[in-house]
Amino acid sequence: MTNKTQPTISDAEWEIMRVVWTNHTVTSKDITEIIKEKMNWKQATIKTLIGRLVEKGMLKTEAIGNKYLYSPSVTEEESLKSKTSDFFEHLCNRKVGATLAELLSEATLSHSDVQLLEEIIQRKKMEAVDVVSCNCTPGQCDCQHYHH
Ligand SMILES: [Zn+2]
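Below is a summary of the structure that appears in this document. (Residues numbered from 1 in each chain as written. Predicted model: local features only at pLDDT ≥ 70, side-chain atom pairs only at ≥ 80, totals over all residues. Heavy atoms only, no water.)

**A few points about the coordination of the zinc ion**
Cys92 (SG), Cys134 (SG), Cys136 (SG) and Cys141 (SG) make up the full set of protein donors to the zinc ion, lying at 2.2 to 2.6 Å. The coordination sphere of the zinc ion comprises four donor atoms, whose angles at the metal cover 95 to 126°; the geometry is tetrahedral. Motif for the zinc ion, donor spacing along one chain: C-x41-C-x1-C-x4-C. With relative accessibility at 23%, the residue Cys134 sits in the partly exposed group. (Donors = N, O, S within 2.8 Å, 3.2 Å for Na, K, Ca; no water. Tetrahedral: all angles 85-135°; square planar, octahedral: opposite > 155°, others 65-115°. Buried < 20%, exposed > 50% of the residue type's maximum accessible area, 1.4 Å probe, protein only.)

**Some remarks on the packing of aromatic side chains**
The final tally for this structure, using the stated rule, is two aromatic pairs. Measuring from ring centre to ring centre gives 5.1 Å for Trp14 and Trp21, while their planes differ by 75°; the resulting arrangement is edge-to-face. With relative accessibility at 13%, the residue Trp14 sits in the buried group. By relative accessible area, which is 7% here, Trp21 ends up buried. (Phe/Tyr/Trp six-rings, centres within 6.5 Å; stacked < 30°, edge-to-face > 60°.)

**Some remarks on a nonpolar patch on the surface**
There is a patch of nonpolar side chains on the surface, built from Leu104, Leu109 and Val114 and spanning about 210 Å² of accessible area. Looking at the element boundaries, Val114 is found in helix H6 (residues 111–127). (Patch = residues over 30% accessible without salt bridge, like charges linked within 9 Å, V, L, I, M, F, W, Y side chains within 5 Å. Areas by Shrake-Rupley, 256 points an atom, 1.4 Å probe, with all protein chains shown as cover. Salt bridge = Lys/Arg side-chain N within 4 Å of Asp/Glu carboxyl O. Helix = DSSP H or I, 4+ residues; strand = E, 2+ residues; numbered from the N terminus.)

So this is what it looks like as structure tokens:
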């Protein structure tokens, strides 16, 4: 489903990206001011995280005088999509449905969210299969046990 492979970014780096996605162009000082209280990070920590994000190609840098301006080189939507599909790639295909059900029952949703999900469920009803095929390596999930 994903056509682009994006670098894996840590939870800490994700916090920085959220600031950049929201504010578009920021200095490391701006980032520090926005998240220092939430994360309780020092300026040095934030600079290290920014440096890693630049190396990973997630942030673009532009030098203005003696300051660096950072902007995102990928959108939040793209990154979220890659993060979630990355997560589901580490699951047995047969556990995806139950995992989604659990995520869904825990989520707080608006009427329009529910509407959207209902439309998807209607479509999924048409496409549903009897048994989802497992594509795991034997020994990494329990599916094989049921097929002796
Ligand atoms: Zn499996």
